[in-house]
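Coordinate inspection notes
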Amino acid sequence: MKAAGALAWVLPVSGRGVALRQPTGRDEMRLLGGWGSEPARAIAFVTQLACEGLDASSLPSADLDTVLLLLRQALRGDRVLAETACPARHCGARVDIAFGIGAYLQHHRPRAPRLRAWLVSACAERPGWFAVRRRGVPDTAAWFRLPTAGDERDVAGEADAVALLRRRCIAPWPSPPGMSRVVEAAMDALAPPLAGPLSGACPACGAGVSIGFDPRRYVLAEFCTQAGFVTEDVDVLAARYHWSERAILDLPSPRRAAYAETARRAA
Ligand SMILES: [Zn+2]
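What comes next is a walk through the structure. (Residues numbered from 1 in each chain as written. Predicted model: local features only at pLDDT ≥ 70, side-chain atom pairs only at ≥ 80, totals over all residues. Heavy atoms only, no water.)

1. Comments concerning the coordination of the zinc ion
Formally: Only N, O and S atoms count as donors, using a 2.8 Å limit from the metal and a wider 3.2 Å limit for Na, K and Ca, and since water is excluded some coordination spheres may look unfilled. Square planar and octahedral sites, with four and six donors, are those where opposite donors lie more than 155 degrees apart and all other angles lie between 65 and 115, tetrahedral sites have four donors with every angle between 85 and 135 degrees, and the rest are irregular. We call a residue buried when its accessible area falls under 20% of the maximum for its residue type, exposed when it is over 50%, and partly exposed in between, using a 1.4 Å probe and counting protein chains only.
Those protein atoms acting as donors to the zinc ion are Cys86 (SG), Cys91 (SG), Cys202 (SG) and Cys205 (SG), and they sit at 2.2 to 2.3 Å. Coordination at the zinc ion is tetrahedral, judged from the four donor atoms that bind it and the angles of 106 to 115 degrees they form at the metal. Mapped onto the sequence, the residues coordinating the zinc ion show the spacing C-x4-C-x110-C-x2-C. According to the relative accessible area criterion, cysteine 86 is buried, its value standing at 5%.

This is the structure:
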C-alpha cells in the first residue's frame with residue numbers, strides 16, 4: 001500500500017511505477033553503516049524506502065539512478081551544484097557548474113535506437129530481452145537485455161566487470177565481430193547512462209572545464225553528509241522537546257531537520 005506522503009514516479013526506462021516513503025534518520029544512519037559496494041548501497045537504500053515491496057536490484061541501472069535523482073529533487077530541490085578547480089595553468093579558480101535535475105533527466109531520456117543497418121525490437125518470447133537483426137534479413141543476429149542494478153552489484157569489484165556484464169546481458173556470447181558495438185549503441189539509446197561529463201567555463205579565465213558527474217555517488221554522498229547531522233539533531237530535539245531518540249529517528253528527515261533548525265534558532 002502507498003503510504004501517505006509517499007513520493008511516486010513512473011521510471012523512464014522500464015516504465016515501472018515506484019512509490020517511496022521519505023527517509024528517516026534511521027535510514028540515513030544505515031547508509032553510513034555499510035551495505036558494501038556503491039550499487040549494493042543504492043539498491044538497499046531504495047529498497048528499504050519502497051512502499052510496495054520493490055526490489056530495487058531488478059531495476060535497470062539507469063532507472064535506479066533516476067529514482068535517486070528524483071528523491072533528491074523531491075527532498076532537497078532541483079538544483080545541483082558541482083564544484084571543481086579550473087585546470088588551466090596558473091589559474092585554479094573555483095568553477096561551479098549548476099544544473100536542474102528535471103532538465104538533466106529530460107536530456108537523458110530514453111529514445112528509440114537509430115542504427116543504420118540494424119533493427120532492434122522487443123522480444124516477444126523472452127520478456128525483458130530485445131532482438132537485433134540486420135535490415136532486410138529475417139534472422140535475429142543477437143539478443144540482449146538491459147543491465148539491472150542487481151547485475152552491477154553482482155560484478156562490482158571484479159577486474160573484468162564490463163565483460164561479465166556483457167556475458168550476462170548479450171546472447172550469444174561471445175557475440176559475432178562488431179555485434180557488441182551495435183548492442184551497446186542500442187542499450188545506450190534505450191537506457192542512456194546518467195553518469196557522464198558536465199561542461200562549463202571558468203569565470204576567471206574562460207577556459208573550458210569538464211567534470212565527471214555520477215548521480216548515484218553524488219546523491220548517496222549527500223545523504224551520508226546529512227546522516228552526519230542526525231545525532232546532533234537528536235541531541236537538540238531531545239533537549240528541547242524531550243522526545244525519545246526512537247521518536248526522533250523515526251521522523252521523516254525533512255521534518256526532523258526543520259524542527260532541529262527551529263530549535264537551534266530558539267536556543
Ligand atoms: Zn580558469
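2. Some thoughts on the sheet that holds strand E7 (residues 142–145)
Where we set the bar: Pairing between strands is defined by DSSP: at least two bridges between them are needed. Runs of E in the DSSP output that reach at least two residues are strands. Runs of H or I that reach at least four are helices, and both are numbered from the N terminus. The criterion used for residue contact is that any of the two residues' heavy atoms lie within 4.5 Å. For helices, the fitted axis covers only the stretch in contact; all axes are lines through C-alpha atoms, and the angles between them, taken along N-to-C directions, range from 0 to 180 degrees.
Sheet architecture is open: four strands sit in the order E5-E6-E7-E8, paired in antiparallel fashion. One side of each edge strand has no neighbouring strand; the edge strands of this open sheet are strand E5 (118–122) and strand E8 (170–171). Sheet topology places strand E6 (residues 129–134) next to E7; four bridges connect them, and they run antiparallel. From the neighbouring strand, tryptophan 129 faces E7, where its bridge partner is arginine 145. Along the sheet, helix H7 (residues 179–190) contacts E5, E6, E7 and E8; its crossing angle with E7, the most-contacted strand, is approximately 35 degrees.

3. Focus: the packing of aromatic side chains
The cut-off we apply is this: Ring pairs shown here join Phe, Tyr and Trp side chains whose ring centres sit within 6.5 Å, with only the six-membered ring taken for Trp; geometry is labelled stacked below 30 degrees between planes, edge-to-face above 60, and tilted in between. Only lysine NZ and arginine CZ atoms are considered, and such an atom sits over a ring when it is within 6 Å of the ring centre and within 35 degrees of the ring normal.
Under the criterion given, the structure shown has nine aromatic pairs. Centroid distance phenylalanine 99 to phenylalanine 213: 5.1 Å. Interplanar angle 80 degrees. Geometry classified as edge-to-face. Taken together, the residues span a long stretch of sequence, with phenylalanine 99 in strand E4 (residues 94–100) and phenylalanine 213 in strand E10 (residues 208–213) at a distance of 114 residues. A relative accessible area of 4% places phenylalanine 213 in the buried class. With 5.2 Å between their ring centres and 80 degrees between their planes, tryptophan 243 and tyrosine 259 make a pair best called edge-to-face. Here tyrosine 259 lies in helix H11 (residues 253–266) and tryptophan 243 lies in the loop between helix H9 (230–241) and helix H10 (245–249), a separation of 16 residues in the sequence. When its relative accessible area of 30% is taken as the criterion, tryptophan 243 is described as partly exposed. Counting every residue linked through ring pairs, the aromatic cluster contains Phe99, Tyr104, Phe213 and Tyr218. Directly above the aromatic system of tryptophan 129 lies the positively charged group of arginine 126, at a separation of 4.1 Å from the ring centroid.

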